[in-house]
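Fold and geometry: a report
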Amino acid sequence: MSEKYIARSPAVAARRFDEEMMVMSSVDSTLFNLSEVAAVIWESADGQTPLSQIVRDQVCAVFDVAPDEAYRDAEAFVEDLARHGILLVSASPVQGSGSSAGEGAWA
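Heads up: these notes are all about the structure in this document. (Residues numbered from 1 in each chain as written. Predicted model: local features only at pLDDT ≥ 70, side-chain atom pairs only at ≥ 80, totals over all residues. Heavy atoms only, no water.)

**A look at the nonpolar core**
- Judged by nonpolar contacts, the single largest core of 26 residues is most densely connected at Val 23, Leu 34, Ile 41, Trp 42 and Leu 51.
- Secondary structure elements with two or more residues in this core: strand S2 (12-17), strand S3 (20-25), strand S4 (31-34), helix H1 (36-44), helix H2 (51-60) and helix H3 (67-83).
- Considering each element in turn, this core owes the most residues, 6 residues, to H3.
- The contact partners of Leu 34, leaving out residues within four places of it in the chain, are Met 21, Val 23, Ala 39, Trp 42 and Phe 77. (Core = buried A, V, L, I, M, F, W, Y, C linked by side-chain atoms within 4.5 Å. Buried < 20%, exposed > 50% of the residue type's maximum accessible area, 1.4 Å probe, protein only. Helix = DSSP H or I, 4+ residues; strand = E, 2+ residues; numbered from the N terminus. Contact = heavy atoms within 4.5 Å.)

Right, dumping it as structure tokens:
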């Protein structure tokens, strides 16, 4: 398995409303209402932490899911958001990404 690094795109707006995380792409105006697990992956997408580590440390440690299944689901989720320009996916750490990437404000 080749490693994947994910980062939130700066071309999005994201906001947490109580238990829900909403993310909107400014590229195609697609709006996503993220599940609890998806929100954990989104919030952990710092560009420096491999997806496998996010799944192991943030998903499997909190939710009752098998590691292989969790990784397959996370990979599909990440690829879907990447197709909409919401997440950036790379085989190496994403330079210039930080914890504030993709935290656009909604008025």
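Here the narrative resumes, following the displayed structure.
**Section: a negative patch on the surface**
- The grouping of Asp 18, Glu 19, Glu 20 and Glu 36 at the surface amounts to a negative patch.
- Within the element layout of this structure, Glu 36 appears in helix H1.
- Given the relative accessible area of 54%, Glu 36 is considered exposed. (Patch = residues over 30% accessible without salt bridge, like charges linked within 9 Å, V, L, I, M, F, W, Y side chains within 5 Å. Areas by Shrake-Rupley, 256 points an atom, 1.4 Å probe, with all protein chains shown as cover. Salt bridge = Lys/Arg side-chain N within 4 Å of Asp/Glu carboxyl O. Lys, Arg positive; Asp, Glu negative; His and termini not counted. Charge placed at Lys NZ, Arg CZ, Asp CG, Glu CD.)

**Section: the packing of H1 against H2**
- Two elements in contact, H1 and H2, have axes separated by 10 Å at closest approach and are oriented at 130°. Taken together, the axis directions place H1 and H2 in an arrangement best described as oblique. The element H1 and its partner H2 pack so that their crossing is right-handed. Residues Val 37, Val 40, Ile 41 and Ser 44 of H1 lie in contact with H2, whose contacting residues are Leu 51, Ile 54, Gln 58 and Val 59.
- Split into classes, the residues belonging to the contact of H1 with H2 amount to 6 nonpolar, 2 polar and no charged. (Axes fitted to C-alpha atoms, helices over the stretch in contact; angles between N-to-C directions. Parallel < 35°, antiparallel > 145°, perpendicular 65-115°, else oblique. Left-handed = near helix turned anticlockwise from the far one by under 90°. Nonpolar A, V, L, I, M, F, W, Y, C, P; charged D, E, K, R; others polar.)

**What about the pattern of salt bridges?**
- The final tally for this structure, using the stated rule, is 5 salt bridges.
- A salt bridge links Asp 80 to Arg 83, with the shortest nitrogen-to-oxygen separation between them at 3.4 Å. With Asp 80 and Arg 83 both in helix H3, this residue pair falls 3 residues apart, about one helical turn.
- The network of salt bridges with shared partners includes Lys 4, Glu 75 and Glu 79.

**Some details on H2**
- When H2 is considered as a whole, its buried residues turn out to be Leu 51, Ser 52, Ile 54, Val 55 and Val 59. The buried residues of H2 all sit within an arc of 155° when viewed along its axis, so they share a single face.
- Contacts from the buried residues of H2 go to strand S1 (5-8), H1, strand S5 (46-50) and H3. (Arc of directions from axis to C-beta.)

**Looking at the environment of Leu 88**
- For Leu 88, the location among the structural elements is in strand S6 (residues 87-90).
- Along the chain, Leu 88 and Tyr 5 lie 83 residues apart, while their C-alpha atoms are 8.1 Å from each other.
- Every residue in contact with Leu 88, bar those within four places of it in the chain, is listed here: Tyr 5, Ile 6, Ala 7, Arg 8 and Ser 9.

**Quick look at the sheet that holds S1**
- Taken together, 3 strands build an open sheet; the order of strands is S5-S1-S6 and the sheet is antiparallel. In this open sheet, the two edge strands, each paired with only one partner strand, are S5 and S6. Direction aside, the axes of adjacent strands within the sheet are offset by 25° on average.
- Sheet topology places S1 next to S5; 2 bridges connect them, and they run antiparallel. Paired with Ala 7 across the two strands is Asp 46, which belongs to S5.
- This element, H1, spans S1, S5 and S6 of the sheet and lies at about 90° to S1.
- The strands touched by H2 are S1 and S5; relative to S5, the strand with the most contacts, the crossing angle is about 75°. (Pairing = 2+ DSSP bridges.)

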